[in-house]
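Each chain is listed here by its residues.
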Amino acid sequence: MKKILVSGGAGFIGSHLCSRLIKDGHQVICLDNLFTGAKRNIEHLIAHPRFQFVNHDITLPYTAEVDEIYNLACPASPIHYQYDAIKTIKTSVLGAINLIELADKTGAKILQASTSEVYGDPHVHPQTEEYWGNVNPIGLRSCYDEGKRCAETIFMDFNRMKGTRIKIIRIFNTYGPNMLPDDGRVISNFIVQALRNEDITIYGTGAQTRSFQYVTDLIEAMIRMMATGDEFTGPVNIGNPNEFTILELANKVIAEVGSESKIIFKPLPMDDPQQRQPDITLAKKYLDWQPTIFLDEGLKYMVDYFKNYNL
Ligand code: NAD
Ligand code: UDP
């Protein structure tokens, strides 16, 4: 049994990770300030003797004797990370420093939940880990994109200078149960709109693409990444290469729900990436991992989840 700290553990991905780690027999400390997380995501774990919830903001230091740290704390949906951009960059940068210093002190391994956003609006397609990206440093998305890039830098420098045991994964668009109806990301927005027979809001023309990963595939990759030897730091892309235009996604959701919703078009937000697809060669090689749940199957699970949500 390991003692494992999960920051952002009450969020969408973090709650799945906490459940998996408890199921695997570990002791889990879930740190979260509940900004975009929800107690309902971890309700089933609260009474568990190996689970502890701590309401803590990672921009402040935290101390505990732990074996492993997963750093997931950071709002991930554009509307939420842009709500208080200064707070977002503090969470990414000060949070990374606080948690990696804890890893350094305790000798714990630490995994950083980085993002495909480090590639910005990419000129290389699909994106490989060698690509340095095309990121606007002063735009509306920069608090998140540059915050995550800086966190990667902090991790690599601690590893080079102090031998801190780090892992970096770059997560591509992920969806699944425990997303909140007002999360604001595209799959949850479209399904909630379709179930309510409201207009489906496409930003721009809908020609932009994303590649969508189901959350359980991501969790499996995170566990495998943490289990790799200290010489393997990443960064490693973790995503599902199945790529769709946003218009294709809207039509799939309408068909799956059997909705009467109409599609409407709204302005494209600033710096919205035109295309996104992971090259997962590294993950296949080093983690012996590949996604197993593709969009048609995953959308069914998401529709069932929101049908039972009491929207
Ligand atoms: P989420 O918003 O559901 O979860 C983030 C969690 O972090 C929330 O519970 C929130 O309350 C908590 N949090 C935010 N700021 C905090 C702070 N200062 N201190 C403590 N807790 C704080 O988002 P998610 O989709 O579950 O994303 C989890 C992580 O994965 C994030 O770091 C995100 O950048 C990364 N990621 C997610 C995706 C995706 O598609 N879901 C893609 C790339 C990267
Ligand atoms: N999007 C959209 N309608 C929505 C929400 C998002 O058309 O209601 C678009 C958004 O502009 C982007 C894509 O869907 O092109 C994915 O957006 P999301 O916020 O899910 O993730 P990210 O842009 O960070 O990849």
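Located above this text is the structure these notes cover.
The rules behind the values
Residues numbered from 1 in each chain as written. Chains lettered and ligands numbered in written order. Predicted model: local features only at pLDDT ≥ 70, side-chain atom pairs only at ≥ 80, totals over all residues. Heavy atoms only, no water. Helix = DSSP H or I, 4+ residues; strand = E, 2+ residues; numbered from the N terminus. Rg over C-alpha atoms; globule rule 2.2 N^0.38 Å. Buried < 20%, exposed > 50% of the residue type's maximum accessible area, 1.4 Å probe, protein only. Pairing = 2+ DSSP bridges. Right-handed = clockwise from strand over helix to strand, strands pointing away. Expected span 1.5 Å × (residues − 1). Arc of directions from axis to C-beta. Contact = heavy atoms within 4.5 Å. Near = heavy atom within 4 Å. Polar contact = N/O pair within 3.5 Å; in protein donor to acceptor, adjacent residues only side chain to side chain. Areas by Shrake-Rupley, 256 points an atom, 1.4 Å probe, with all protein chains shown as cover.

1. Remarks on the overall build of the protein chain
In terms of helices and strands, the protein chain carries 10 helices and 13 strands. In terms of C-alpha radius of gyration, the protein chain reaches 19 Å, essentially the compact-globule figure of 19 Å for 311 residues. Counting only C-alpha atoms and orienting by the principal axes, one finds that the protein chain spans roughly 55 × 45 × 40 Å. Of all 311 residues assigned to the protein chain, the portion counted as buried reaches 56%.

2. Topic: the pairing of strand 6 (residues 166-171)
When you tally the buried positions in strand 6, you get 6 out of 6 residues, the bulk of the element. Burial along strand 6 is two-sided: Ile166, Ile168 and Arg170 and Lys167, Ile169 and Ile171, pointing in opposite directions, are all buried. In terms of strand pairing, strand 5 (residues 109-115) meets strand 6 through 6 bridges, oriented parallel. The partner of Gln112 across the bridge, within strand 6, is Ile168. In this fold, the crossover linking strand 5 to strand 6 by way of helix 5 (residues 142-162) has right-handed handedness.

3. Observations concerning helix 8 (residues 246-257)
For helix 8, with 12 residues, the first-to-last C-alpha span of 17 Å sits near the 16 Å given by 1.5 Å per residue. Residues Ile246, Leu249, Ala250, Val253, Ile254 and Val257 constitute the buried set of helix 8. Projected down its long axis, helix 8 shows its buried positions confined to an angular sector of 135 degrees, all on one face. In this structure, the buried residues of helix 8 make contact with helix 6 (186-195), strand 8 (200-203), strand 9 (209-211), strand 12 (243-245), strand 13 (263-266) and helix 10 (295-307). Phi turns positive, to about 70 degrees, at Gly258, one or two residues after helix 8.

4. Structural notes on the site of ligand 2
Ligand 2 sits among 18 residues. The nearest are Asn189, Thr201, Tyr203, Arg210 and Asp272. Take Tyr203: an N or O atom from its main chain is 2.8 Å from an oxygen atom of ligand 2. The fraction of the free accessible surface of ligand 2 (520 Å²) that becomes covered by protein chains is 96%. Elements represented by at least two residues in the shell around ligand 2 include exactly helix 6 and strand 8.

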